[in-house]
Amino acid sequence: LGPAEISTGHLPSAEMVTSLVQEAHERYRTVTDGKVADYIPALAAVPADLFGLCVVSVGGHVFSAGDITREFSIQSISKPFVFALVCQALGGGQARQKVGVNNTGLPFNSVMAIELNQDRTMNPMVNAGAIATTSLAPGDTADAQWRFIHEGLSSFAGRELTMDQEVYESEAATNQRNQGIARLLQSYGRMYSDPLQATDVYTKQCSLNITVKDLAVMGATLADGGVNPITRERVVDADRCKRVLAVLATAGLYEQSGDWLYEVGLPGKSGVSGGLVTISPGKGGLGTFAPPLDAAGNSVRGQLATKFLSERLGLNLF
Ligand code: DON
């Protein structure tokens, strides 16, 4: 490993991390605020009381509490990892030029944000930029692009991820808004493959099932300059990770990204199924799962537990 790729930080002792992860689970287990996403019919059926936490260090140590074997669809948390894979394939400069890296300050599926920023698709963490990113995946056909994304996300997780067919079909039948976004981007010359096919591949990537441990491993891979802490496979280069984490810091929690950075001080990414991944560069990844969301689409208990752990584990970057 070159100098930029060597992990420098470390978490507190294993005993301390174990007990704080348990404490975070115990503290927020009974919080009932928020609402489970229902705009994708299959998501509405998920029990609201599920709650799992997992920390994976860059050295591969795993600390967890609660519902850790429960699978859920990755949804928007796929976005930073697909961006990392596309940056790896195209180079960070190209990806930035074609997708953009600025916060929109508007909801994740905003059409107005596209109208306000016609020269860029803004950033890969909102739907417009994410679908554009997916359209940039290497491959001559939609199937080949899907294989690239599926294999890459599986390498981040360190196991072959499978798709939740019910979630995929449910979203594919109701994603006219994303199709509209992709078409609008096409009209501005900001889609790089067929818009409906890119939306379909994006919907598939959102429907991949993961656990909180997968999330923590994926986060720890970005934390360690692109090397998966369990399989030791290099998934992307350290330079790509640095760019992805920069975008996450400003846009990972949508229009609440500023509040998040102010309180947690770490790059993170949420998804509507209730997952949240947080990256502590050089130290590890934290995955949480709790389905009820706040108004911006971020898991309520996930945010509480992450704030607690960032503070008590001393992870805040600032
Ligand atoms: O594009 C969508 O609507 C979903 N498949 C993903 C959205 C998502 O997870 C946004 N997160 N907060």
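Each chain has its residues counted from 1, following the order in which its sequence is written. Thresholds applied to this predicted model are a pLDDT of at least 70 for local features of residues and 80 or more for the giving and counting of side-chain atom pairs; totals over whole chains, interfaces and linings are not thresholded and use all residues.

Peer 1: Could you clarify how one ought to interpret the overall build of the chain in this entry?
Peer 2: Here a strand is any run of E in DSSP of at least two residues, a helix any run of H or I of at least four, and the numbering for each starts at the N terminus. Helix and strand counts for the chain stand at 14 helices and seven strands. Rg of the C-alpha trace for the chain: 18 Å, near the compact-globule value of 20 Å for 318 residues, within the 12% margin. Overall, the C-alpha framework of the chain stretches about 55 × 45 × 35 Å when taken along its three principal axes. When burial is assessed residue by residue, the chain has 57% of its 318 residues classed as buried. For the chain, long-range pairs separated by at least 24 residues make up 70% of all intrachain contacts whose partners lie at least 6 apart in sequence. For this measure, only C-alpha atoms enter the radius of gyration; the expected value for a globule follows 2.2 Å times N^0.38, where N is the number of residues. The exposure label follows from counting other C-beta atoms within 10 Å of a residue's C-beta, where the C-beta atoms are placed from the backbone and the thresholds are 20 or more for buried and 12 or fewer for exposed, leaving partly exposed in between. Contact between two residues is assigned when their C-beta atoms, built from the backbone, lie within 7 Å.

Peer 1: Honestly, the site of the ligand in this entry has me stumped. Any pointers?
Peer 2: Only the C-beta atom matters for this test: placed from the backbone, it must lie within 6 Å of a molecule or strand for the residue to be near it. Neighbouring the ligand are Q75, S76, F108, N109, N127, E171, N178, C206, S270, G271, V272 and G297. Here the shell around the ligand is built from residues that sort into three nonpolar, eight polar and one charged. Where each domain starts and ends follows an automatic or database-derived domain assignment. Summarising the domain contributions, the shell around the ligand has at least three residues from each of domain 1 (3–75 + 208–312) and domain 2 (77–206). Lys, Arg, Asp and Glu make up the charged group, whereas Ala, Val, Leu, Ile, Met, Phe, Trp, Tyr, Cys and Pro make up the nonpolar group; the residues left over, Gly among them, are polar.

Peer 1: How do you make sense of the domain arrangement of the chain when you look at a structure like this?
Peer 2: The figure often quoted for interface size is the accessible area lost as the parts come together. Assigned domains within the chain: domain 1 (3–75 + 208–312) and domain 2 (77–206). When each unit is reduced to the centre of its C-alpha atoms, the spacing between domain 1 and domain 2 is 21 Å. Taken together, the contact pairs 40 residues of domain 1 with 36 residues of domain 2. For the side of domain 1 that touches domain 2, the secondary-structure elements that each account for two or more residues are α2 (41–44), β4 (209–210), α11 (212–223), α12 (238–251) and β6 (275–280). With nine residues, the single largest contributor to the side of domain 1 that touches domain 2 is α12. Grouping the constituent residues of the side of domain 1 that touches domain 2 by class yields 20 nonpolar, twelve polar and eight charged.

Peer 1: Explain the packing of helix α3 (residues 78–90) against helix α7 (residues 142–157) to me, please; I cannot follow it from the model alone.
Peer 2: When two helices pack together, their arrangement is given by the angle between their axes and by how far apart the axes lie. Viewed as axis vectors pointing N to C, α3 and α7 meet at an angle of 110°, and their least axial separation amounts to 10 Å. The angle between α3 and α7 places the two elements in the roughly perpendicular class. For the pair α3 and α7, contact is made by S78, F81, V82 and L85 and by I149, G152, L153 and F156, respectively. Of the residues contributing to the contact of α3 with α7, the split by class is six nonpolar, two polar and no charged. Axis angles are defined between N-to-C directions and span 0 to 180 degrees, where every axis is a line fitted to C-alpha atoms and, for a helix, only to the segment in contact. An angle counts as roughly parallel when it lies under 35 degrees, as roughly antiparallel when it exceeds 145, as roughly perpendicular when it falls between 65 and 115, and as oblique in every other case.

Peer 1: How do you make sense of the pairing of strand β7 (residues 284–289) when you look at a structure like this?
Peer 2: The two faces of a sheet get side chains in turn, since along a regular strand they alternate between them. Burial analysis of β7 places six of its six residues in the buried class, which makes it a mostly covered element. Across the two faces of β7 the burial is the same, with G284, L286 and T288 and G285, G287 and F289 all buried. Any two strands between which DSSP finds at least two bridges are classified as paired. Where strand β1 (residues 52–57) meets β7, six bridges bridge the pair, whose relative direction is antiparallel. Residue C54 lies in a different strand from β7, and its bridge partner there is G287. Sheet topology places β6 next to β7; six bridges connect them, and they run antiparallel. When the bridges of β7 are listed, T278 appears paired with L286. Counted between consecutive antiparallel strands, the loop separating β6 from β7 contains three residues, among which G282 sits at a positive phi close to 80°.

Peer 1: When you look at the nonpolar core in this model, what are you seeing that I'm missing?
Peer 2: Within soluble globular proteins, side chains that are nonpolar tend to cluster in buried spots. Counting residues in each nonpolar core, the largest one holds 89 residues, and the members touching the most others are A128, A216 and V244. Both domains that furnish three or more residues to this core are identified here as domain 1 (3–75 + 208–312) and domain 2 (77–206). Once residues lying within four places of it in the same chain are set aside, the contact partners of V244 are P80, F83, A84, C87 and L222. If you look at the next biggest cluster of nonpolar residues, it comprises seven residues, including I40, A42, Y168 and V272. Each nonpolar core reported here comprises buried Ala, Val, Leu, Ile, Met, Phe, Trp, Tyr and Cys residues connected via C-beta atoms within 7 Å.

Peer 1: What's the story with the pairing of strand β2 (residues 62–66) in this structure? I'm lost.
Peer 2: Extensive coverage of β2 is indicated by the burial of four of its five residues. Summarising the sheet, β1 and β2 pair through five bridges and their orientation is antiparallel. Bridging from a neighbouring strand, L53 pairs with A65 of β2. Linking β1 to β2, which pair antiparallel, is a turn of four residues; within it G60 sits at a positive phi near 90°.

Peer 1: For this particular structure, what's the right way to read α12?
Peer 2: One turn of an α-helix holds 3.6 residues; hence residues three or four places apart share an orientation. The length a helix should cover is 1.5 Å for every residue beyond the first. Between its terminal C-alpha atoms α12 stretches 20 Å, which fits the 20 Å expected from 14 residues at 1.5 Å a residue. Listed in full, the buried residues belonging to α12 are R240, C241, V244, L245, V247, L248, A249 and A251. Buried residues along α12 sit against α3, α4 (92–99), α11, α13 (257–263), β5 (268–270) and β6.

Peer 1: Could you clarify how one ought to interpret the UniProt feature "binding site: substrate" (unreviewed entry) in the chain in this entry?
Peer 2: Listed under "binding site: substrate" (unreviewed entry) in the UniProt record, and renumbered for this structure, are S76, N127, E171, N178, Y202, Y254 and V272. Assessed through the 28 C-beta atoms surrounding it within 10 Å, Y202 is described here as buried. Residues contacting Y202, with those up to four places away along its chain left out, are A130, I131, T134 and N178. Mapped onto the secondary structure, V272 falls in the loop between β5 and β6. For V272, a count of 24 C-beta atoms within 10 Å translates into the label buried. Once residues lying within four places of it in the same chain are set aside, the contact partners of V272 are A37, L43, Q75, S76, L293 and G297. UniProt positions are given in the numbering used here, feature names are shortened, and annotations may be inferred rather than shown by experiment.

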